[in-house]
Amino acid sequence: MELSRNVVVVGGCGHVGLPLAIMLADRGLKVVSYDLNSSVVALVNSGTMPFDEPGAPEVLGRVLANGNFEASHDPNSISQAETVVVVIGTPVDEHLNPDADAVPRAVAGFQEHLRDGQLLVLRSTVYPGVTRLVERLIDQSGRRIDVAFCPERIAEGKAVEELISLPQIISARTQRGVERAEKLFDVLAAQTIVVTPEEAELAKLFTNTWRYIKFAAANQFYTIANDFGLDFERIRHAITKDYPRAMDMPGAGFAAGPCLFKDTMQLAAFNNNNFTLGHASMMINEGLPLYVVAKMENRFDLEASTIGILGMAFKGESDDIRSSLAFKLRRILAFKAKAVLCSDPYVTNDDRLIAEAEVLSKSDVIVIAAPHKRYASVPIEKPIIDIWNIRGQGVLI
Ligand SMILES: NC(=O)c1ccc[n+]([C@@H]2O[C@H](COP(=O)([O-])OP(=O)(O)OC[C@H]3O[C@@H](n4cnc5c(N)ncnc54)[C@H](O)[C@@H]3O)[C@@H](O)[C@H]2O)c1
């Protein structure tokens, strides 16, 4: 086959597709990011990252300049690469149902551009069984294509370092598929771990759900301590200090974002909705903004108060507001308080946000809703609600 590229990444201008594409290109492969979103494609080709990802702007600049990388919204680019990596979004719907057809639908959509001899790597987090569905789709098309499932495990904000340091989970039905996928990821990381596709699908969902459950445990401990009038951070310090078996206990905080919650719900759906621990975690984590406001109501006359929210992203030092609980907090407070003012130095796609100085000067009470490091030291003269303990003054409300 005459191919001008090594890899095409479908969904290649997204939060995980783009870092993967440019890191592969930085390691010497010829890579195309194929994406439906033509304005983001143009932005990427102009050398601008469409979202914050530390270290990525430099890599993007390098691989555009040396010709190893380009973004495209032409599906013909899929025919030009030996390997096709699919990393489109796989959200749950408003009723928390996974869309098991999202990846098969996308593959069916570009199927006419696939060629015999290609390697198709599914990289999105999928509902278990999706790899099998895609294999059938490919079989039915009559094309001779190896299918692999190799889930992405980076955290946003750490993509550049983690893509070359985390072990890669590799799975495929055939030995040749495994070997080809290993060869691809060998370019990035020394260590690969081979399992079956079904094991890999569950490995990814268990990974995210495990983290979500740990956050829920910490958040429930926080509410228990808080209701008892005790500062959970003092207790957590006592538990974790030089005590290896509990050192990984997280602090309280809004556990949100585009992955942990939806993957816990994917796992619940997969297990016929029998997932007590997952559902309980969802109620605790999603309920935390309501808990915080209920506690604030005991302390402040909310109807007469302007509340300032600092930090709207779902995590620290990020501009990503997808599924951020800061917005749920804002909605609840908008209902209860005299006014709510919000700011975030990273978030640029919400024109309701105002300057931090204005929030600080006009508000009666400040809530820190994302743990951006700058909030540790920004001078604040008002009462502060800081469940992340970013200012080190405790978390008691
Ligand atoms: N965001 C994370 O930190 C993270 C980490 C690990 C795994 N994941 C998983 O990776 C997948 C992608 O997540 P994301 O956060 O990058 O999503 P995203 O929405 O940021 O990116 C998806 C991209 O795919 C494009 N797209 C959608 N359908 C397409 C199609 N048919 N053809 C071409 N392009 C298409 C979109 O325009 C978008 O640019 C999800 O399954 C997610 O669960 C995400």
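Below or above, wherever it landed, is the structure these notes cover. Counting from 1, residues in each chain are numbered in the order their sequence is written. In view of the model being predicted, local features appear only for residues whose pLDDT reaches at least 70, and side-chain atom pairs are presented and counted only at 80 or more, with totals across whole chains, interfaces and linings using the full set of residues. Water and hydrogen atoms were dropped before computing side-chain values, which therefore reflect all heavy atoms in the structure.

**Describing helix H5 (residues 130–141)**
- Numbering goes from the N terminus for both helices and strands, where a helix is a DSSP run of H or I of at least four residues and a strand is a run of E of at least two. Helices are assigned an expected span. That span is 1.5 Å times one less than the residue count. For H5, with 12 residues, the first-to-last C-alpha span of 17 Å sits near the 16 Å given by 1.5 Å per residue.
- Any pair of residues with heavy atoms lying within 4.5 Å of one another is described as a contacting pair. Residues of H5 that are buried make contact with helix H4 (102–110), strand S5 (119–122), strand S6 (146–149) and helix H8 (197–227).
- Phi turns positive one or two residues past the end of H5, at Gly-142, with a value near 80°.

**A short note on the packing of aromatic side chains**
- Centres within 6.5 Å are what make two rings of Phe, Tyr or Trp a pair, Trp counting through its six-membered ring; a difference in plane orientation under 30 degrees is then read as stacked, over 60 as edge-to-face, and the rest as tilted. Under the defined criterion, the tally for this structure stands at five aromatic pairs.
- Relative to Tyr-291, the ring of Tyr-222 lies with its centre 6.2 Å away and its plane at 75°, an arrangement referred to as edge-to-face. Of this pair, Tyr-222 sits in helix H8 while Tyr-291 sits in helix H11 (residues 276–299), and the two are 69 residues apart along the sequence.
- Overall, the relative accessible area of 15% leaves Tyr-291 in the buried class.
- Measuring from centroid to centroid gives 6.4 Å for Phe-254 and Trp-388, while their planes differ by 80°, and the two rings are edge-to-face. With Phe-254 in the loop between helix H9 (232–240) and helix H10 (260–270) and Trp-388 in the segment after strand S12 (384–385), this pair connects stretches of sequence that are 134 residues apart.
- One aromatic cluster in this structure is built from Tyr-222, Phe-232 and Tyr-291. Think of it in three bands: with a 1.4 Å probe and only protein chains considered, a residue is buried below 20% of the maximum accessible area for its type, exposed above 50%, and partly exposed in between.

**Observations regarding the sheet that holds strand S3 (residues 69–72)**
- Being paired, for any two strands, means DSSP has found at least two bridges between them. The sheet built from six strands is open, its strands ordered S3-S2-S1-S4-S5-S6 with parallel pairing. Either end of the sheet is taken by a strand with one partner, and the two such strands are S3 and S6. Taking the axes of each pair of neighbouring strands and ignoring which way they run, one obtains an average angle of 20° across the sheet.
- As judged from the four bridges shared by strand S1 (residues 5–10) and strand S2 (residues 31–34), these two strands associate in the parallel manner. Residue pairing for S2: Val-9 is matched across the bridge by Ser-33.
- Lines are fitted to the C-alpha atoms to define the axes, a helix being fitted only along its stretch in contact, and any angle between axes, read from their N-to-C directions, falls within 0 to 180 degrees. Running at roughly 170° to S6, H5 makes contact with S5 and S6 of the sheet.

**Some points on the sheet that holds strand S9 (residues 306–310)**
- Pairing in this open sheet of four strands is parallel, and the strands run S10-S9-S11-S12 from one edge to the other. Across the chains shown, the open sheet's two edge strands, defined by having one partner strand only, are strand S10 (339–343) and S12.
- Packing of helix H12 (residues 325–336) onto the sheet brings it into contact with S9, S10 and strand S11 (365–368), and relative to S9 it is tilted by some 175°.

**Description of the pattern of salt bridges**
- The term salt bridge refers to a side-chain nitrogen of Lys or Arg lying within 4 Å of a carboxyl oxygen of Asp or Glu. A full pass over the atoms with the stated rule returns 24 salt bridges.
- The salt bridge involving Arg-132 is made with Glu-135; its shortest N-O contact spans 3.5 Å. Placement of both Arg-132 and Glu-135 in helix H5 is noted, with a separation of three residues, approximately one turn of the helix.
- The class for Arg-132 is partly exposed, based on a relative accessible area of 37%.

**Quick word on a nonpolar patch on the surface**
- Only residues whose relative accessible area exceeds 30% and that form no salt bridge enter a patch; like-charged residues are grouped when within 9 Å of one another, and nonpolar side chains (Val, Leu, Ile, Met, Phe, Trp, Tyr) when within 5 Å. Using a 1.4 Å probe, accessible areas were evaluated by the Shrake-Rupley method; residue-level cover was limited to the displayed protein chains. A cluster of nonpolar residues, Phe-228, Leu-230 and Ile-235, forms a patch on the protein surface that exposes about 300 Å² of accessible area.
- Within the secondary structure, Ile-235 sits in helix H9.

**Let's talk about the environment of Asn-389**
- Along the chain, the position of Asn-389 falls in the segment after S12.
- In this structure Asn-389 comes out as buried when scored by relative accessible area, which is 19%.
- Along the backbone, Asn-389 and Ala-376 are 13 residues apart, and their C-alpha atoms lie at a distance of 8.7 Å.

**A closer look at the pairing of S11**
- Alternating positions in S11 separate into two faces, Val-365 and Val-367 on one and Ile-366 and Ile-368 on the other, with burial throughout.
- The pairing of S9 with S11 spans four bridges and is classified as parallel. When the bridges of S11 are listed, Ile-309 appears paired with Val-367.
- Strand direction decides the pairing type here: S11 and S12, joined by two bridges, are parallel. Bridging from a neighbouring strand, Ile-366 pairs with Ile-384 of S12.

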